[in-house]
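Given next are the chains, with one letter for each unit.
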Amino acid sequence: MVSDKTTAKRKRKSPKRRLHRGRFSALVGIFLILIVLIVVLLSKCSDDAGTEFQPDENVTQHIPTAVEAGRNDAKAVVSTAPGSMEREKALLIIKSHESRLRMAGYPRAANDYINAATEHLQKHKIINKRIIRK
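The following refers to the structure shown. (Residues numbered from 1 in each chain as written. Predicted model: local features only at pLDDT ≥ 70, side-chain atom pairs only at ≥ 80, totals over all residues. Heavy atoms only, no water.)

As for the side chain of H120
One can find H120 in helix α5 (residues 107-123). The buried category is assigned to H120, whose relative accessible area is 11%. When neighbours within four sequence positions are excluded, H120 is seen to be in contact with R71, A74, K75 and V78. (Helix = DSSP H or I, 4+ residues; strand = E, 2+ residues; numbered from the N terminus. Buried < 20%, exposed > 50% of the residue type's maximum accessible area, 1.4 Å probe, protein only. Contact = heavy atoms within 4.5 Å.)

This is the structure we're talking about:
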């Protein structure tokens, strides 16, 4: 038998505070779920962040800079010789500017630009047909 002296002499170890493996994995799981929820909430909140207010398409206000740019580019076409490559180049530049505006997400500006250019070119009888795309 074991004597009482040997058990009395042994120092009792202080209990180490460890998490049980099951508890640890539960805490890690909760932590990961919280991180995922935070990321989802942040992504939902930032979906439209930084975008400008765009009113309805029925608004008839014109964008003055687009109209002015369209007229200026049309004036460059008028100043070239009829049937020349410079005129063709200037017409292609107008069409490419319109396409860039549309691809950048500014359909109203593209419409105002091409309408102003078309009106100026029709007034000077350079084109007889509208080149607008909707």
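A closer look at α5
If you check α5, its first and last C-alpha atoms are 24 Å apart, about what 17 residues at 1.5 Å a residue would give, namely 24 Å. Listing the buried residues of α5 in full gives A109, A110, D112, Y113, I114, N115, A116, A117, T118, H120 and L121. One or two steps after α5, the chain reaches K125, where phi turns positive at roughly 55 degrees. (Expected span 1.5 Å × (residues − 1).)

Some points on the packing of helix α3 (residues 64-78) against α5
Their axes nearest at 7 Å, the elements α3 and α5 cross at an angle of 35 degrees. Where α3 crosses over α5, the two elements pack in a sense that is right-handed. The segment α3 lies against α5, with A66, V67, A69, G70, R71, D73, A74, K75, V77 and V78 engaging A109, D112, Y113, A116, A117, H120 and L121. Per-class residue counts for the contact of α3 with α5 are 11 nonpolar, two polar and four charged. (Axes fitted to C-alpha atoms, helices over the stretch in contact; angles between N-to-C directions. Left-handed = near helix turned anticlockwise from the far one by under 90°. Nonpolar A, V, L, I, M, F, W, Y, C, P; charged D, E, K, R; others polar.)

Examining the pattern of salt bridges
Under the criterion given, the structure shown has two salt bridges. The partner of E98 in a salt bridge is K95, with the nearest N and O atoms 2.7 Å apart. Placement of the pair is E98 and K95 together in helix α4 (residues 85-103), with a separation of three residues, close to one helical turn. Judged by relative accessible area, E98 falls into the buried class, the value being 0%. Here R102 and E98 are joined by a salt bridge, their closest N and O atoms 3.0 Å apart. Placement of the pair is R102 and E98 together in helix α4, with a separation of four residues, close to one helical turn. (Salt bridge = Lys/Arg side-chain N within 4 Å of Asp/Glu carboxyl O.)

Regarding the nonpolar core
Counting 12 residues, the largest nonpolar core consists of A66, A74, V77, A90, L91, I94, A109, Y113, I114, A117, L121 and I127. Breaking this core down by element, the ones donating at least two residues are α3, α4 and α5. Per-element accounting of this core gives the leading share, five residues, to α5. Non-local contacts of A117, meaning those with residues more than four positions away in its chain, are made with G70, A74 and I94. (Core = buried A, V, L, I, M, F, W, Y, C linked by side-chain atoms within 4.5 Å.)

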